[in-house]
Amino acid sequence: MPGPTRSRLTGDQSAGQGRAQGLALKDAVPALGRSGTRCPAWSMAIGALCVSASAVLLDLAGTSPGTASFYRCVLALPALLVLAAAERRREGPAAPGRYRLALVAGALFAGDMLLWTQAIGEVGAGLSTVLVNVQVVMVPLLAWAVDREPVPRRFLWWLPVLLVGVVLAGGVLERGGAVGSDPRWGTVHAVLAALCYSGFLFLLRRGGHAGQVRQVYTAVIVAAAAVSLVAGLLWYGFDATPGWPALGWLLGVAACSQVVGWLLVAIASPRLASHVGAILLLLTPVGAVVLSALVLGEHPTPLQLAGCALILISAYVTTARGARRDDGPDRSPSGRRRPGR
């Protein structure tokens, strides 16, 4: 893929745009959160697309993995704390045990962000994206092994098509496999990122079954910020003053990804079957390909576009029936069907 062509903004312009974007998205979150309980499949898809913007914005920020991971979490906390406080007044506090689960999920989220960013330089963006998105297999398997949630045959039939789509969308075939400074360690880091990502998604979904999602999710982001800071200081690099242009882009990441994207995923995923949520999250690499073309001037190849098409077709075929089944009001907050059906 040809190198990106960027249009850099001045510090005041980028920071101002980031603040305006953050305020607009902050105002939109409550309405989107309510829609997450009524239309979880659509909310999951919107959340995945919002998360996809983080790849482009992080590229524009140009900071170290530790700096990016820390600030994208910290800059999201003011809006998340307001939402969590409103939910606490309305629904009461979450049980202490759920916060312990949130701390583990936050640590895994930080591990995913740091390891994946590290793997991009070592093994290339394409292969690292492919390896991380094996969550489409691992999350349903975790739900089956831990919660005994059945995996439908339709999903198993279309799973090879999904994986082929992810490989093509990652652009691995055009580059002849692994590229980067250290393919061996890059593969190790990408696999570890995939494990962290899958565990984070599983715990995020599980933690929302009892409600009070905003409080628990805010604890996840606090834990992710703390782990990112420590890991950045020790291994991945941390800059306390990355500059106003970088902070402007990171504020955009916080607003799009942490405040809106992942919060919608946290609200919607407990109301969807695990395989449906995992497939809808594959819209993230699809959205990243499109946004990279529009914003960074990158040009996706025909094979990448074909991979995106396979992901979209497979996502529609495998989730349409499941989403209609799970959207109904006959499910309790735990995801189980209410008695009488």
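Computed from a prediction, not measured in an experiment: that's the story for all the values here.

Rules used in this analysis
Residues numbered from 1 in each chain as written. Predicted model: local features only at pLDDT ≥ 70, side-chain atom pairs only at ≥ 80, totals over all residues. Heavy atoms only, no water. Helix = DSSP H or I, 4+ residues; strand = E, 2+ residues; numbered from the N terminus. Contact = heavy atoms within 4.5 Å. Areas by Shrake-Rupley, 256 points an atom, 1.4 Å probe, with all protein chains shown as cover. Phe/Tyr/Trp six-rings, centres within 6.5 Å; stacked < 30°, edge-to-face > 60°. Buried < 20%, exposed > 50% of the residue type's maximum accessible area, 1.4 Å probe, protein only. Axes fitted to C-alpha atoms, helices over the stretch in contact; angles between N-to-C directions. Parallel < 35°, antiparallel > 145°, perpendicular 65-115°, else oblique. pLDDT = per-residue confidence, 0-100. Core = buried A, V, L, I, M, F, W, Y, C linked by side-chain atoms within 4.5 Å. Salt bridge = Lys/Arg side-chain N within 4 Å of Asp/Glu carboxyl O.

**Observations regarding the overall build of the protein**
Here's step 1: Each helix and strand in the protein was counted, giving 14 helices and 0 strands.
Here's step 2: Each helix and strand of the protein, ordered N terminal to C terminal, gives the series α-α-α-α-α-α-α-α-α-α-α-α-α-α.
Here's step 3: The contacts of the protein with a sequence gap of at least 6 include a subset with a gap of at least 24, amounting to 91%.
Here's step 4: Only carbon and sulfur atoms are counted for the fraction: they give 67% of the accessible area of the protein, which is about 15,000 Å².

**Points about the packing of aromatic side chains**
Here's step 1: For the structure on display, the rule yields 7 aromatic pairs.
Here's step 2: Summarising the aromatic geometry, the rings of phenylalanine 70 and phenylalanine 238 are spaced 5.2 Å apart at their centres and angled 85 degrees between planes, so their arrangement reads as edge-to-face. Residue phenylalanine 70 is found in helix 3 (residues 65-74), and its partner phenylalanine 238 is found in the loop between helix 10 (213-236) and helix 11 (244-268); the two are separated by 168 residues along the sequence.
Here's step 3: For phenylalanine 238, a relative accessible area of 25% puts it in the partly exposed group.
Here's step 4: When the ring of phenylalanine 109 is compared with that of phenylalanine 200, the centres are 4.4 Å apart and the planes differ by 10 degrees; the resulting orientation is stacked. Taken as a pair, phenylalanine 109 in helix 5 (residues 96-123) and phenylalanine 200 in helix 9 (residues 183-207) lie far apart in primary sequence, 91 residues in all.
Here's step 5: The exposure class assigned to phenylalanine 200 is buried, which follows from its relative accessible area of 0%.
Here's step 6: Three or more aromatic residues link up through ring pairs in this structure, and these residues are Phe109, Tyr197, Phe200 and Trp262.

**Topic: the packing of helix 9 against helix 11**
Here's step 1: The interhelical angle for the contact between helix 9 and helix 11, taken along N-to-C directions, is 55 degrees, at an axis separation of 9 Å. Classified by the angle between their axes, helix 9 and helix 11 sit oblique to one another. Residue-level contacts link Tyr197, Phe200, Leu201 and Leu204 of helix 9 to Trp262, Val265 and Ala266 of helix 11.

**Quick look at the confidence of the model for the protein**
Here's step 1: Considering every residue of the protein, the mean pLDDT works out to 83; 81% of them sit at 70 or more.
Here's step 2: Within the model, pLDDT remains below 50 along residues 1-28, and this stretch shows 42 contacts once partners closer than five positions in the same chain are excluded.
Here's step 3: In the predicted structure, residues 323-341 sits below a pLDDT of 50 and forms 29 contacts with residues beyond four places in sequence or in another chain.

**Considering the nonpolar core**
Here's step 1: Judged by nonpolar contacts, the single largest core of 92 residues is most densely connected at Val136, Phe200, Tyr217, Trp262 and Leu281.
Here's step 2: Setting aside its immediate chain neighbours within four residues, leucine 281 contacts Met44, Ala48, Gln135, Tyr197, Leu201, Trp262 and Val265.

**Points about the pattern of salt bridges**
Here's step 1: Counted under the stated rule, the structure contains 4 salt bridges.
Here's step 2: Notably, a salt bridge pairs arginine 90 with glutamate 91, separated by 4.0 Å at the nearest N-O pair.
Here's step 3: By relative accessible area, which is 42% here, glutamate 91 ends up partly exposed.
Here's step 4: Arginine 206 is paired through a salt bridge with aspartate 147; the nearest N and O atoms lie 2.9 Å apart.

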